[in-house]
Amino acid sequence: MYLFNRSISVNVCLVGEKTFKVNGVFLDSLHELCLTLEVDLKSYTITSAEGELCRAPYTDCGHVRERIKELVGVNLHSNVRKQVQASVGLEHGCTHLTDLTLECVKGILQAKFQLMHHSEPAERTIQLEQHLKGTCLHYK
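Just so you know, these numbers come straight off a predicted model, no measurement behind them.

Once that is clear, we can look at the pairing of strand S4 (residues 45-55). The pairing of strand S3 (residues 32-40) with S4 spans nine bridges and is antiparallel. Looking at S4, one finds that Cys34 is bridged to Glu52. Here S3 hands over to S4 after four residues, with Tyr44 in that stretch at a positive phi of 55°.

As summarised here, the arrangement of the four strands in space is S1-S2-S3-S4, forming an open sheet in which the pairing is antiparallel. Each having just a single partner strand, strand S1 (6-15) and S4 make up the two edges of the open sheet. Each strand axis lies, on average, 10° off the axis of its neighbour in the sheet, ignoring direction. In this structure, S1 lies alongside strand S2 (residues 19-28), joined through ten bridges in antiparallel fashion. Of the residues in S2, the one forming a bridge with Cys13 is Lys21. In this fold helix H2 (residues 95-116) packs onto S1, S2 and S3, with an angle of close to 140° to the strand it touches most, S2.

What follows covers the environment of Ser29. Examined against the element boundaries, Ser29 turns out to sit in the loop between S2 and S3. For the pair Ser29 and Leu100, spaced 71 residues apart in sequence, the C-alpha to C-alpha distance is 15 Å. In this view, Ser29 contacts Leu3, Phe4, Asn5 and Arg55; residues no more than four positions away in its chain are not counted. Separated by 3.1 Å, the side chain of Ser29 and the backbone nitrogen of Asn5 make a polar contact.

About the cut-offs
- Residues numbered from 1 in each chain as written.
- Predicted model: local features only at pLDDT ≥ 70, side-chain atom pairs only at ≥ 80, totals over all residues.
- Heavy atoms only, no water.
- Pairing = 2+ DSSP bridges.
- Helix = DSSP H or I, 4+ residues; strand = E, 2+ residues; numbered from the N terminus.
- Axes fitted to C-alpha atoms, helices over the stretch in contact; angles between N-to-C directions.
- Contact = heavy atoms within 4.5 Å.
- Polar contact = N/O pair within 3.5 Å; in protein donor to acceptor, adjacent residues only side chain to side chain.

Dropping the structure here:
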């Protein structure tokens, strides 16, 4: 018998030519959170943020829903974790909403790499090197 379970699901689609729409769901034994973000691909900034706390262990958890709009304007180029924590986390937010948001950002990054497969191989290599620079030992 499991004492606890958790699932996080992230789906990203391209809307038009310049916007990603990402839907994230965080589901565990105590929580059910849904988040929808739109990201402008040119500025790499969150332009829309909506969400629901469908199930939470405490009544005051519902107040976190109001903070979701604070994600609008977060730039995904740098300091993403700090920006997300300031928007929906720390002592006035929710660690689970922070986790879901960061998973959505990871999904956006993966979707961006999928778009690169539509470009020429030489261009794709340059784009990949630029996006991964500084992220790990290989791309230092």
